[in-house]
Amino acid sequence: QVQLVESGGGLVQTGGSLRLSCVASGRTVSIFKMGWFRQAPGKEREFVAVVRRTDGYGYCADSVKGRFTISRDNAKNTVSLQMNSLKPEDTAVYYCAASTRYSDSREVGDFRFWGQGTQVTVSS
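Before going into details, it helps to say that this report is about the structure given with it. Everything numeric here is computed off the predicted structure, so don't read it as measured data.

1. A look at the overall build of the protein chain
Point 1. When its secondary structure is counted, the protein chain shows 0 helices and 11 strands.
Point 2. N-terminal to C-terminal, the α/β element order of the protein chain is β-β-β-β-β-β-β-β-β-β-β.
Point 3. Relative to its length of 124 residues, the protein chain is compact, with a C-alpha radius of gyration of 13 Å against a globular reference of 14 Å.
Point 4. C-alpha atoms of the protein chain, sized along the principal axes, occupy 40 × 30 × 25 Å.
Point 5. Burial analysis of the protein chain (124 residues in total) assigns 44% to the buried set.
Point 6. Here the analysis covers contacts within the protein chain between residues at least 6 apart in sequence; of these, 58% occur between residues at least 24 apart.
Point 7. Counting only carbon and sulfur atoms, one obtains 47% of the accessible surface of the protein chain, whose full area is about 6300 Å².

Structure representation (structure tokens):
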């Protein structure tokens, strides 16, 4: 099993920045990739970014590309999401997720382990 704990959410004005972090514990050696998803009220959970634990290859959704950056630190078992130029439409609960599957899939169902979520609110 893998446990995930997110931190770093909060309230920020449009154009501001936040950095989310997620610490993994448990059987972390089984993780192939870690990602961030978000869910706004009344909407489905959507992919934000993913990074491979092995080689650090990662990518972001088109909606956040150029503004968000995902990174990982294997020594600390952490994955981070640097969010710049935030917009009101980025407001959501952000979830950290981990997958043991050897694929670059961004589908929610590909990720077995989930954190409890952290709220990000961007005011206009």
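2. Looking at the pattern of salt bridges
Point 1. For the structure shown, the criterion picks out 8 salt bridges.
Point 2. For Arg101, the salt bridge goes to Asp110, with nearest N and O atoms at 3.3 Å.
Point 3. Using a relative accessible area of 48% as the deciding quantity, one classes Arg101 as partly exposed.
Point 4. By sharing partners, the salt bridges in this structure join Arg38, Glu46, Arg67 and Asp90 into a single network.

3. Structural notes on the state of the cysteines
Chemically, a disulfide is nothing more than a covalent bond linking the sulfur atoms of two cysteines.
Point 1. Going through the model one piece at a time under the given rule, you end up with 1 disulfide.
Point 2. Across a sulfur-sulfur distance of 2.1 Å, Cys22 and Cys96 are joined as a disulfide pair. In this structure, the disulfide formed by Cys22 and Cys96 twists by about -80° around the S-S bond and is classed as left-handed. Here Cys22, found in strand S3 (residues 18-26), pairs with Cys96, found in strand S9 (residues 92-99); they are 74 residues apart in sequence, far enough to count as distant.

4. Comments concerning the nonpolar core
Point 1. Counting 36 residues, the largest nonpolar core has Leu4, Met34, Trp36, Phe68, Leu81, Met83 and Tyr94 as its most contacted members.
Point 2. Not counting residues within four places of it along the chain, the set of residues in contact with Leu81 comprises Leu18, Arg19, Leu20, Trp36, Val48, Ala49, Phe68, Thr69, Ile70 and Tyr94.

5. Quick word on the packing of aromatic side chains
Point 1. According to the stated counting rule, one finds 8 aromatic pairs in the structure shown.
Point 2. A centroid spacing of 6.1 Å and a plane angle of 45° characterise the contact between Tyr57 and Tyr59, whose relative ring orientation is tilted.
Point 3. Three or more aromatic residues link up through ring pairs in this structure, and these residues are Phe37, Phe47, Tyr57, Tyr59, Tyr95, Phe111 and Trp114.
Point 4. Positioned above the aromatic ring of Phe111, the side-chain terminus of Lys33 is 5.0 Å from the ring centre.
Point 5. The ring of Trp114 carries the charged tip of Arg45 above its face, separated from the ring centre by 4.8 Å.

The rules behind the values
- Residues numbered from 1 in each chain as written.
- Predicted model: local features only at pLDDT ≥ 70, side-chain atom pairs only at ≥ 80, totals over all residues.
- Heavy atoms only, no water.
- Helix = DSSP H or I, 4+ residues; strand = E, 2+ residues; numbered from the N terminus.
- Rg over C-alpha atoms; globule rule 2.2 N^0.38 Å.
- Buried < 20%, exposed > 50% of the residue type's maximum accessible area, 1.4 Å probe, protein only.
- Contact = heavy atoms within 4.5 Å.
- Areas by Shrake-Rupley, 256 points an atom, 1.4 Å probe, with all protein chains shown as cover.
- Salt bridge = Lys/Arg side-chain N within 4 Å of Asp/Glu carboxyl O.
- Disulfide = S-S within 2.5 Å.
- Core = buried A, V, L, I, M, F, W, Y, C linked by side-chain atoms within 4.5 Å.
- Phe/Tyr/Trp six-rings, centres within 6.5 Å; stacked < 30°, edge-to-face > 60°.
- Lys NZ or Arg CZ within 6 Å of the ring centre and 35° of its normal.

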